[in-house]
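Examination of the molecular architecture
So you can see what is in the structure, the chains are spelled out below.
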Amino acid sequence: MKILAAVVSLAFFFASFPLFAYAFWVPEQWAALVFFTGIMSVTLSLAIPFNLLGRRD
């Protein structure tokens, strides 16, 4: 279960890079939303290990 959470976390983290890049290519009305989605993707990728995986003893 921990490996699945780590893989999902990495997927969210690596998916944020194209979102940041696409924010400059999409039409102006969508740019802020795409960039914000990239920020939320990074935030979620960091929240998964901090909250779901817990401490490593």
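Rules used throughout
- In every chain, residue numbers begin from 1 and rise along the written sequence.
- Local features in this predicted model are restricted to residues whose pLDDT is 70 or higher, and side-chain atom pairs enter the listing and the counts only when it is 80 or higher, whereas totals over whole chains, interfaces and linings include all residues.
- To obtain the side-chain values, all non-hydrogen atoms of the structure were used and water was disregarded.
- Secondary structure elements follow DSSP: runs of H or I no shorter than four residues count as helices, runs of E no shorter than two count as strands, and numbering proceeds from the N terminus.
- Here the globule rule reads 2.2 Å times residues to the power 0.38, and the radius of gyration is calculated from C-alpha atoms.
- In this scheme, a residue with accessible area under 20% of its type's maximum is buried, one over 50% is exposed, and one in between is partly exposed, where area comes from a 1.4 Å probe on protein chains only.
- Only the protein chains shown count as cover for residues, and the accessible areas themselves come from Shrake-Rupley with a 1.4 Å probe.
- Residue contacts follow a heavy-atom distance rule, with two residues in contact if any of their heavy atoms lie within 4.5 Å.
- Working rule for helices: expected span equals 1.5 Å times residues minus one.
- Bend is computed residue by residue as the angle between axes fitted to the seven residues ending at the residue and the seven residues starting at it.
- Two distance rules govern patches: like charges are joined within 9 Å, and nonpolar side chains (Val, Leu, Ile, Met, Phe, Trp, Tyr) within 5 Å, applied only to residues with over 30% relative accessible area and no salt bridge.
- When a carboxyl oxygen of Asp or Glu lies within 4 Å of a side-chain nitrogen of Lys or Arg, that pair is called a salt bridge.

Glancing now at the overall build of the protein. The helix and strand inventory of the protein stands at two helices and zero strands. Relative to the globule expectation of 10 Å for 57 residues, the C-alpha radius of gyration of the protein, 14 Å, shows a markedly less compact shape. Across its three principal axes, the protein shows a C-alpha extent of roughly 45 × 15 × 15 Å. The buried share of the protein, taken over its 57 residues, is 18%. Within the structure as shown, the protein displays about 4700 Å² of accessible surface, and the carbon and sulfur contribution to it stands at 75%.

Attention now goes to the side chain of Ser-16. Tracing the backbone through its elements, the reader meets Ser-16 in helix α1 (residues 2-22). By relative accessible area, Ser-16 is classed as buried at 0%. Apart from the residues lying within four places of it in its own chain, the contact partners of Ser-16 are Gly-38, Ser-41 and Val-42.

A separate point is helix α2 (residues 28-53). Here α2 is 26 residues long and its end C-alpha atoms lie 38 Å apart, about the 38 Å a rise of 1.5 Å per residue gives. Along α2, the helix axis deviates most sharply at Ala-47, where the bend reaches about 30 degrees; the proline Pro-49 sits within four residues downstream. Of the residues making up α2, those classed as buried are Ala-31, Val-34, Gly-38, Ser-41, Ser-45 and Ile-48. Elements in contact with the buried residues of α2: α1.

Relative to the assigned elements, Pro-49 resides in helix α2. If we ignore the near neighbours within four places in the chain, the residues touching Pro-49 are Ser-9 and Gly-54.

Bringing a nonpolar patch on the surface into the picture now. A cluster of nonpolar residues, Tyr-22, Phe-24, Trp-25, Phe-35, Phe-36, Ile-39 and Met-40, forms a patch on the protein surface that exposes about 860 Å² of accessible area. Sort the elements by how many residues they give to the nonpolar patch and α2 lands first, with four residues. Examined against the element boundaries, Phe-36 turns out to sit in helix α2. We classify Phe-36 as partly exposed; its relative accessible area is 46%.

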